[in-house]
Amino acid sequence: MPRRLLLLTLWTMLTLLILVVAAISILIAVTYPKLPSLETLTDYRPKIPLRIYTADGVQIGEFGEERRAFVPIGKVPTLMKQAILAAEDERFYQHGGVDYIGVVRAALSNLASGHTQSGASTITMQVARNFFLSSEKTFTRKFNEAMLAFKIEHNLTKDQILELYFNQIYLGQRAYGFASAARVYYGKSLDQLSPAEMAMLAGLPKAPSSFNPIVNPSRARLRQQYVLRRMHELQFINDAQYKQATTEQLRTYGSTDAFSVHAEYVAEMARQAIFEKYGENAYSQGLKVFTTVLAAHQSAAYDAARKGVIDYDRRHGYRGPEAYREVPAVKGEGARAAYDELLGEFGSIDALPPALVLSASPQALTVYAKDAGMVEIKGKALAFAARALSDKLPPAQRLRSGSVIRIRNTDDGWQIAQLPQVEAAFVSLDPRDGAIRALVGGFDFGRNHFNRVTQAWRQPGSSFKPFIYSAGIERGFTPATQINDAPLVIDPATIGGQRWEPKNFDGKFAGMMSMRDALTKSKNLVSIRILQAITPAYAQAYISKFGFEAKNHPPYLTMALGAGSVTPLQLAEGYSVFANTGYRVRSYLIDRIENDQGKVLARTQPEVAGENAPRTLDARNAFIMTSMMQDVTRYGTAAKANVLNRTDLAGKTGTTNDTHDAWFAGFQPSLVSVVWLGFDQPRSLGGAETGGNAALPIWINYMATALKGVPNKQYAVPDGVISQTIETSRGPRAEYFYAEFPDTNPELALDNGAGAANQPIDESVKDLLF
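Per-chain numbering applies: the sequence of each chain, read as written, is numbered from 1 onward. Local features in a predicted model are, by the rule used here, given only for residues with pLDDT of at least 70; side-chain atom pairs are given and counted only at 80 or more, and totals for whole chains, interfaces and linings are based on all residues. To obtain the side-chain values, all non-hydrogen atoms of the structure were included, while hydrogens and water were left out.

**Concerning the sheet that holds strand β20 (residues 671–678)**
Two strands in a sheet stick together by hydrogen bonds in their backbones, pointing the same way (parallel) or opposite ways (antiparallel). Strands pair, by our definition, only if DSSP identifies at least two bridges between them. Helix and strand definitions here come from DSSP, where helices need a minimum of 4 consecutive H or I residues and strands a minimum of 2 consecutive E residues; each element is numbered from the N-terminal end. Judged by pairing direction, the sheet is antiparallel, and its 5 strands sit side by side in the order β13-β12-β20-β19-β18 without closing on themselves. Only two strands of the sheet have a single partner each, and these edge strands are β13 (436–440) and β18 (650–655). Averaged over neighbouring strand pairs, the angle between their axes works out to 5° when direction is ignored. Bridging between strand β12 (residues 423–429) and β20 involves 7 bridges; their strand directions are antiparallel. Under this scheme, a helix contributes an axis fitted over its contacting stretch, all axes are lines through C-alpha atoms, and angles between N-to-C directions fall in the 0 to 180 degree range.

**Let's talk about the pattern of salt bridges**
Opposite charge on two side chains lets them pair, provided their charged atoms get close. For salt bridges, the criterion is a side-chain nitrogen of Lys or Arg within 4 Å of an Asp or Glu carboxyl oxygen. This model, assessed by the stated rule, comprises 38 salt bridges. Among the salt bridges present, the one from Asp 311 reaches Lys 307, with a minimum N-O distance of 2.7 Å. Linking Asp 311 with Lys 307, this pair stays in helix α13 (residues 295–315), spanning 4 residues, or about one helical turn. The buried label goes to any residue with under 20% of its type's maximum accessible area, the exposed label to any with over 50%, and the partly exposed label to all in between, with areas taken from a 1.4 Å probe on protein chains only. We classify Asp 311 as partly exposed; its relative accessible area is 26%. Put simply, Arg 730 and Asp 631 hold a salt bridge, and the shortest N to O gap is 3.5 Å. Placement of Arg 730 in the loop between β21 (721–728) and β22 (731–738) and of Asp 631 in helix α20 (residues 619–634) is noted, with a sequence separation of 99 residues between them. Given a relative accessible area of 1%, Asp 631 falls into the buried group. What emerges from the salt-bridge pattern is a single network uniting Arg 516, Asp 517, Asp 631, Arg 634, Arg 730, Arg 733 and Glu 735.

**Quick word on the sheet that holds strand β17 (residues 600–603)**
Strand order in the open sheet formed by 5 strands is β2-β1-β5-β16-β17, with mixed pairing between adjacent strands. Two strands bound the open sheet, and with one partner strand each, they are β2 (59–63) and β17. Averaged over all pairs of adjacent strands, the angle between their axes in this sheet comes to 20°, without regard to strand direction. With 3 bridges connecting them, strand β1 (residues 50–53) and strand β5 (residues 288–291) associate as parallel partners. When the sheet's bridge partners are listed, Arg 51 is paired in β5 with Lys 288.

**Observations regarding the packing of helix α9 (residues 195–202) against helix α10 (residues 217–233)**
Where α9 meets α10, the closest approach of the two axes is 8 Å, and the angle between their N-to-C directions is 110°. Taken together, the axes of α9 and α10 lie roughly perpendicular to each other. In the packing of α9 onto α10, the handedness of the crossing is right-handed. Mapping the contact onto sequence places Pro 195, Ala 196, Ala 199, Met 200 and Ala 202 in α9 and Ala 220, Arg 221, Gln 224, Val 227, Leu 228 and Met 231 in α10. For this classification, under 35 degrees means roughly parallel, over 145 means roughly antiparallel, 65 to 115 means roughly perpendicular, and everything else is oblique. The crossing is said to be left-handed when, going from far helix to near helix, the turn is anticlockwise and less than a right angle, and right-handed when the turn is clockwise. Residue contacts follow a heavy-atom distance rule, with two residues in contact if any of their heavy atoms lie within 4.5 Å.

**With respect to the confidence of the model for the protein**
Per residue, pLDDT captures the predictor's confidence, and it can take any value from 0 to 100. On average, the protein scores 88 in pLDDT, and the residues at 70 or more come to 88%. This model gives residues 113–118 a pLDDT under 50, and the stretch forms 8 contacts once residues within four places in sequence are excluded. Here residues 749–770 scores under 50 on pLDDT; set against residues more than four positions off or in separate chains, the count is 55 contacts.

**Remarks on the pairing of strand β8 (residues 364–369)**
The element β8 is largely enclosed, with a buried count of 5 among its 6 residues. Of the strand pairs in this sheet, strand β7 (residues 354–360) and β8 are connected by 5 bridges, and their pairing is antiparallel. Counted as the bridge partner of Ala 360 is Leu 365 from β8. The turn linking β7 back onto β8 is made up of 3 residues.

**Focus: the environment of Thr 604**
Inspection of the secondary structure puts Thr 604 in the loop between β17 and α20. Separated by 12 residues in sequence, Thr 604 and Arg 592 have C-alpha atoms that sit 6.2 Å apart. Residues in contact with Thr 604, not counting those within four places in the same chain, are Tyr 588, Ile 590 and Asp 591. Polar contacts, as counted here, are pairs of nitrogen or oxygen atoms within 3.5 Å of one another; within protein the pair requires one atom able to donate a hydrogen and one able to accept it, and residues that are adjacent in sequence qualify only if both atoms are side-chain atoms. Polar contacts involving the side chain of Thr 604 include one to the main-chain carbonyl oxygen of Ile 590, which spans 2.5 Å.

**A short note on the packing of aromatic side chains**
Aromatic ring pairs: the centre-centre distance and the angle between the two ring planes describe each pair. Two rings from Phe, Tyr or Trp (for Trp, the six-membered ring) form a pair when their centres sit within 6.5 Å of each other. Planes less than 30 degrees apart are called stacked, planes more than 60 degrees apart edge-to-face, and all others tilted. Using the criterion set out here, one finds 24 aromatic pairs in the structure. With centroids separated by 5.5 Å and ring planes inclined at 65°, the aromatic side chains of Tyr 318 and Phe 384 adopt a geometry described as edge-to-face. Of the two residues, Tyr 318 sits in the loop between α13 and β6 (323–324) while Phe 384 sits in the loop between β9 (373–378) and β10 (403–410), which places them 66 residues apart along the sequence. The class of Phe 384 is buried, set by a relative accessible area of 16%. Measuring from ring centre to ring centre gives 5.2 Å for Phe 464 and Phe 548, while their planes differ by 65°; the resulting arrangement is edge-to-face. Of this pair, Phe 464 sits in the loop between β13 and α15 (465–474) while Phe 548 sits in the loop between α18 (536–542) and α19 (568–579), and the two are 84 residues apart along the sequence. A relative accessible area of 1% means that Phe 464 is categorised as buried.

**Some details on the packing of α19 against α20**
Packing of α19 against α20 leaves a shortest axis separation of 8 Å and a crossing angle of 105°. Considered as vectors, α19 and α20 are oriented roughly perpendicular to each other. Note on element contacts: α20 touches α19 through Asn 621, Ala 622, Met 625, Thr 626 and Met 629, opposite Tyr 575, Val 577 and Phe 578. Charged means Asp, Glu, Lys or Arg here, nonpolar means Ala, Val, Leu, Ile, Met, Phe, Trp, Tyr, Cys or Pro, and polar covers whatever is left, Gly included. Of the residues belonging to the contact of α19 with α20, the class tally is 6 nonpolar, 2 polar and no charged.

Right, here's the structure in full:
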């Protein structure tokens, strides 16, 4: 080439280079001042969801569009940071925002492959894009991204940039940031992750949907293997760690919304209260709500309620398969995926996973369940559903190949199960201040969000009798008062309906008996006679002492048998008045609200018995009623409670007409607990399913845990109560009386008002009573 031509070429190239540099300089000069302020980064305020905790700090709920848990970069495990650098930007600590070596390497790789398969976005550039730019693939966006990267690098340290990336990046399943992703995918904190799990998470930013280990496990594993290889090449992990990580079998978390303690109804109640106070901001400001619930109590309540429901369900027999589906004609590796897809349409209920029957005979059943894999059920485990294995049944009712059933894992192995139709509600609170310690609003929150503790208005049945008896004591009755348990025919006008001939549950009549024995044995006719004596109008006004509203308890004689309406929570508050010696405390669920820095924004100031709570019941009345209800748990309809081997338990069973509702409400000085069991659309539970048989076992199972290590407490006899030895059906015993009503059968005070005027009892009523 002639010298002149060479010089011309060089001059042309130099001119073009100068023009390009000038153009870029002008572009930078024009663009840089227009770049957005970095205040969003320097004053980083991520959207942190609302989180709900137990009183002892266990998380039970999270609400917000973005799952995020902010973690300072100094608290991130070193290997987790190295996994991210290996996957996304190995020269992060060397470049100034744009990795020119990475750009060249990516260009050569793309050229060799003939298509774009790798980019050169640094972590800093990704931060710029995530905070300020769109994801459109244009030169302008890419140029602005690079400019922003330079600006970010000049204003923030490398660790600050990495911290922003670590907490802001989207990683699928509504998880933002790696701490949240660790919890969502593996149910672990960052420091609990294995190198294999860290690599899996580090591979997500490139394509969160494509490399999601829950949605696309095979593609996610390929990406994870690449990250592990890069970690090994960069000497972040040694040979042994690499070998172990590449072969480790990872299991993703079963549910992205699951927590170690089942308190879904509690979390939802807290969420509703916080939303009412803070509106939409509640879901993004990082508020922490600490409830009054105790983790151990809540777990015990959840387990007890579920066991009670399942035990009831099994007592009433197997109803047959949930559905039928064609077994996918797939073998080998593809079979599991095909079975999982088929079972995906059936809701996952805790401890009762759906399973597909692959083969069935009277001797054995082979099923597939998503988390359990292949399971064989045989022998005694088939007993519950033995009838459904009979060839005599039509195919639509028979257990056969293609049946979709439920199974449960017990101490004796896997068994056939089914989704219960019956429901339960459980609530426990501290009667001293109303703090709710455990609450279960139904069998499964995922199946039905209806909270039966606070929303279900049901007849309380005989569990309401203590309030009628309390009214009777206030009007002059005593535990030793003799009342006739004999047939009655009630005039329609006195009950607001038709002629009524009430019966005792067992259909028998015991004749004259003490008021104490009548409550112990839950005699309906005695309760009605007490209410006749004090009048329904007086009782309707009186029960307001316990928080019951008159409108829900019409002033008819049926009130004596619990024909009004209560919620389980309301009943628990009512029994608290007895348990705390006469103070009206209101239940509360939220102890305090904190911001994301731990500053207390609000705290509940509860009403405390003996301090600021109003006394609504004479302490003598509370003591005598507690004494009577102690006999219920020792000798009466709740005698099963003796298994707890305690002397400080008191309570009352309840069974409504036609056994639509089964109740037990009971207490100890530090804990009141109420159990309800029934159908949402009322129907009979079955003749034998009384409060003592269906509800009491749930209460016992809970109390066995909740009162473990709590010493027995002696109830102090209040001033104004006298004790006399009397003869009873169980021999001589000390009985308690008001000092002003020392006789067994006093002349009762019946002025129909709130006070006790010493007027003689009406002779017509007296004949019915005694």
